[in-house]
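Coordinates in review
Here is how the chains run, residue by residue.
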Amino acid sequence: SMYFTIFLGTMEQGLLWALMVLGVYITFRVLNYADLTVDGSFALGGAVAARLILGEIDPWAATLVAFFAGGIAGLITGILHTQFKIAPLLSGILSMIALYSVNLRIMGKANISLLRLDTVITGVTRLGVEEKWAALVIGIGAAVLAVILLWLFLNTEIGFALRATGDNGQMIRSLGVNTNAMKILGLSMSNALVALSGALVAQYQSFADIGMGIGTIVIGLASVIIGEVIFGANSIMRTLAAVVLGSLVYRIVIAFVLQLGLEPTDLRLFTALIVTVA
């Protein structure tokens, strides 16, 4: 039925974008760093994956390269902030602006179509998964894996140092932790996840576009805040799960208001209002 199709699409989008939301959570909540690189690194992931898939590279390999490309974008933001002493907000904006040109350079044009090409989503159907469930399987797999790995990481010694850097940088510095290295690590991890999300989303919608990253940070913040407000954030595991669920709830809300007759062009405005209210 129509409602099933809408529900399935909502779940797929919520899960594929959840990786980006987890990335935003790392910088925004763990590091206490408002990182605008996200708008550029999301599109970077899509651009890299699409360009490589177009060049007949294996889609899984293309997706992995996109992940590392995002890591490099975050690394650059981190270096601008820590080594060049540029404010967090501005360092992210500089990377985001630069990535606009980089992404166009990578794609060679404003958008790349992946219709009728192999993607990780068609790859899953080869394993015997029905076509309509393929994107959902990838979404669930990627989100669960990301949550477990992040949970394990944040409970290591380095993970604690990363969390302490955001909580109380001065204190953790006095204990001999290199907070600059922690910020660079956090920004790299965050943007790697964001680019991975962008790569999967590009394959899901069968195109990469120079504008696909616009407003990503706001969607990420909306999802993080919704998740924390509804599902709570009293432990690391609970927060990570809440953030993923927040991404799903955000998509459900969007689907609902579209059903009510909101114009799709008004979605960004609506998202900004959600964040403001939350």
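So, here's what we can say about the structure. Per chain, residues are indexed from 1 in the order of the written sequence. Selection of residues for local features in this predicted model requires a pLDDT of at least 70, selection of side-chain atom pairs for listing and counting requires 80 or more, and totals for whole chains, interfaces and linings are taken over all residues. Only heavy atoms go into the side-chain values, all of them from the structure, while hydrogens and water stay out.

Met 20, Leu 22, Tyr 25 and Leu 200 are the most contacted members of the largest nonpolar core, which has 71 residues in total. Secondary structure follows DSSP: runs of H or I at least 4 residues long count as helices, runs of E at least 2 residues long count as strands, and numbering of each begins at the N terminus. Top element by residues in this core is helix H1 (residues 2-30). It accounts for 14 residues. Pairs of residues are marked as contacts when any of their non-hydrogen atoms sit within 4.5 Å. Every residue in contact with Tyr 25, bar those within four places of it in the chain, is listed here: Val 30, Val 224, Glu 228, Ile 236, Thr 239, Leu 240 and Val 243. Take the buried Ala, Val, Leu, Ile, Met, Phe, Trp, Tyr and Cys residues and link them wherever side-chain atoms come within 4.5 Å; each set so joined is a nonpolar core. Burial status follows relative accessibility: with a 1.4 Å probe on protein chains alone, a residue under 20% of its type maximum counts as buried, one over 50% as exposed, and anything between as partly exposed. One finds Leu 44, Val 48, Ala 73 and Leu 99 within the second-largest nonpolar core, a separate group that totals 8 residues.

Two aromatic rings, taken as a pair, are described by how far apart their centres are and by the angle between their planes. What counts as a ring pair is set by centres within 6.5 Å for rings of Phe, Tyr and Trp (its six-membered ring), and what kind of pair is set by the plane angle: stacked under 30 degrees, edge-to-face over 60, tilted for all other angles. Scanning all chains against the criterion turns up 3 aromatic pairs. Plain terms: the ring middles of Phe 4 and Trp 133 are 5.9 Å apart, the flat faces sit at 75 degrees to each other, and that makes the pair edge-to-face. Residue Phe 4 is located in helix H1, and its partner Trp 133 is located in helix H6 (residues 131-154); the two are separated by 129 residues in the primary sequence. Its relative accessible area of 35% is what places Phe 4 among the partly exposed residues. Placement of a charge over a ring requires the Lys NZ or Arg CZ to be within 6 Å of the ring centre, with the centre-to-atom vector within 35 degrees of the ring normal. The ring of Phe 160 carries the charged tip of Arg 163 above its face, separated from the ring centre by 4.4 Å. Over the ring of Trp 17 we find Arg 251, and its NZ or CZ is 4.1 Å from the ring centre.

We now examine the environment of Ala 47. Along the chain, Ala 47 falls in helix H2 (residues 38-54). Sequence separation between Ala 47 and Leu 104 is 57 residues; the distance between their C-alpha atoms is 8.0 Å. When residues no more than four places from it in sequence are discounted, the contact partners of Ala 47 are Asn 103, Ile 106, Met 107 and Ala 208.

For the rest of this paragraph, the subject is the packing of H6 against helix H9 (residues 179-205). Here the axes come from fitting lines to C-alpha atoms, over the contacting stretch only for helices, and the angles between their N-to-C directions go from 0 to 180 degrees. Running from N to C, H6 and H9 cross one another at 175 degrees; their axes reach a closest spacing of 11 Å. When the axis of H6 is compared with that of H9, the two are roughly antiparallel. Listed contacts from H9 to Ala 135, Ile 138, Ala 142, Ala 146, Leu 150 and Phe 153 of H6 are Leu 185, Met 189, Leu 193, Leu 200 and Tyr 204. Within the contact of H6 with H9, the residues separate by chemical class into 11 nonpolar, no polar and no charged. In this scheme, roughly parallel covers angles under 35 degrees and roughly antiparallel covers those over 145, while 65 to 115 is roughly perpendicular and the rest are oblique. By the convention adopted, Pro, Cys, Tyr, Trp, Phe, Met, Ile, Leu, Val and Ala count as nonpolar, Lys, Arg, Asp and Glu as charged, and the other residues, Gly among them, as polar.

Once that is clear, we can look at the pattern of salt bridges. In what follows, salt bridge is the name for a side-chain nitrogen of Lys or Arg lying within 4 Å of a carboxyl oxygen of Asp or Glu. Within this structure, the stated rule accounts for 2 salt bridges. The closest approach of N and O atoms between Glu 228 and Arg 29, which form a salt bridge, is 2.8 Å. Of this pair, Glu 228 sits in helix H10 (residues 216-231) while Arg 29 sits in helix H1, and the two are 199 residues apart along the sequence.

Purely spatial values, then, with no claim about function.
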